[in-house]
Protein chains: 2
Amino acid sequence: MKHIDYLNHTIRLAMENVESHHGGPFAAIIADKNGQMVSYGQNKVTSFNDPTAHAEIQAIRKACEKLQSFQLSGCILYTSCEPCPMCLGAIYWARVEKVYYAADQKLAAAGGFDDQFIYEEINKEHKARQIPFHAIEVQDKNLPFEKWAVMDQKVEY
Amino acid sequence: MKHIDYLNHTIRLAMENVESHHGGPFAAIIADKNGQMVSYGQNKVTSFNDPTAHAEIQAIRKACEKLQSFQLSGCILYTSCEPCPMCLGAIYWARVEKVYYAADQKLAAAGGFDDQFIYEEINKEHKARQIPFHAIEVQDKNLPFEKWAVMDQKVEY
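Below, the structure is looked at part by part. Computed from a predicted structure; not experimentally measured. (Residues numbered from 1 in each chain as written. Chains lettered and ligands numbered in written order. Predicted model: local features only at pLDDT ≥ 70, side-chain atom pairs only at ≥ 80, totals over all residues.)

Observations concerning the interface of chain A and chain B
With 72 residues of chain A at the contact, the number on the chain B side is 71 residues. Elements supplying a minimum of two residues to the side of chain A that touches chain B: helix H1 (3–19), helix H2 (45–48), helix H3 (55–67), helix H4 (85–94), strand E4 (98–103), helix H6 (116–122), strand E5 (133–135) and helix H7 (143–150) of chain A. Along the lines of polarity and charge, the residues of the side of chain A that touches chain B split into 46 nonpolar, 15 polar and 11 charged. Pairing of E4 of chain A with strand E5 (residues 133–135) of chain B, which is carried by 3 bridges, proceeds in the parallel orientation. Paired with Tyr100 of chain A across the bridge in E5 of chain B is His134 of chain B. (Contact = placed C-beta atoms within 7 Å. Helix = DSSP H or I, 4+ residues; strand = E, 2+ residues; numbered from the N terminus. Nonpolar A, V, L, I, M, F, W, Y, C, P; charged D, E, K, R; others polar. Pairing = 2+ DSSP bridges.)

Let's talk about the sheet that holds strand E4 (residues 98–103) of chain B
What the 5 strands build is an open sheet, ordered E5(A)-E4(B)-E3(B)-E1(B)-E2(B); its pairing is mixed. Two strands in the sheet have a free side with no partner beyond their single neighbour: E5 of chain A together with strand E2 (37–42) of chain B. Between one strand axis and the next, the sheet turns by 20° as a mean value, whatever way the strands run. (Axes fitted to C-alpha atoms, helices over the stretch in contact; angles between N-to-C directions.)

Concerning the environment of Leu72 of chain A
Residues and elements named next belong to chain A. Mapped onto the fold, Leu72 is located in the loop between H3 and strand E3 (76–81). Judged by the 25 C-beta atoms lying within 10 Å of it, Leu72 is buried. Taking C-alpha positions, Leu72 is 24 Å from Trp148, a pair spaced 76 residues apart along the chain. (Buried ≥ 20, exposed ≤ 12 C-beta atoms within 10 Å, placed from the backbone.)

Side note on the relation of the copies chain A and chain B
Laying chain A over chain B is done by rotating through 180° and shifting 0.0 Å along the axis; what remains is an RMSD of 0.0 Å. The relationship between the two copies is best expressed as a two-fold rotation axis. Measuring from the rotation axis to each C-alpha of chain A, the shortest distance belongs to Met86 of chain A, at 1.9 Å. Interface overlap between copies: 97% of the residues of chain A at the interface are likewise at the interface in chain B, consistent with a symmetric, same-surface contact. (Least-squares fit on C-alpha atoms with pLDDT ≥ 70 in both.)

What follows is the structure, given as structure tokens:
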């Protein structure tokens, strides 16, 4: 399938998700390096009571489960809408190769989904954020990393 | 429990996670507005084959499941380490009230976990990113939002 065909398919999946009252108007597809579809995801935030159940995250989790891997090297992610910062982060951790999207942030914002706000918060001083992030001095804060450093047979990621 | 006590507990949970070979040296706790622990999460990326299974995301998912809600208003998130962009996004979507953390990004980077790289990628031009993001013109790109706009009985989030 061509890139545009996969994107049109994400649009259909997003519409179906809204019609079935399962969540927001978003869907994503992951295809492997041969262009075969591995998984798809639809936004399930409200029906699953899971604020992390965005379309891209659902697609990534399902693809990883199917491939029995925590990385999606060589895979392409197609999404009906430009990813939010959470999904962008997930895309990097999953190490997909490329992202194609249809609607951009502006269109999403006009539709009532303003991810731009979170993008702006990221670059603010920790304490100036709407959700403040406070560092507290904890004596043992490096112990987990020290333990990790000396562990044999650890699975790096 | 005091903030520092919860943070020390996240350190213990992170150590335990490494020792049991379940994943990376990270843990998080969510407490409700009365200071009671609602959930905890440990990094399960490698054992669950899920690149999104960071400690904070695990804790958020478990808290939402327990409270049967897709929002954690009034809750506090404690984490052994400053959140990565994916977890930061999840924190905003879950609408927790505040975040306290022990180790910062620099310590994490020294320990082999360089989230700073993803923070830098966010502010790059889409096509200059290590994982390129391409917009493709899709005629129907606004249809999911239009459908959402006219839906009755939708659950906003």
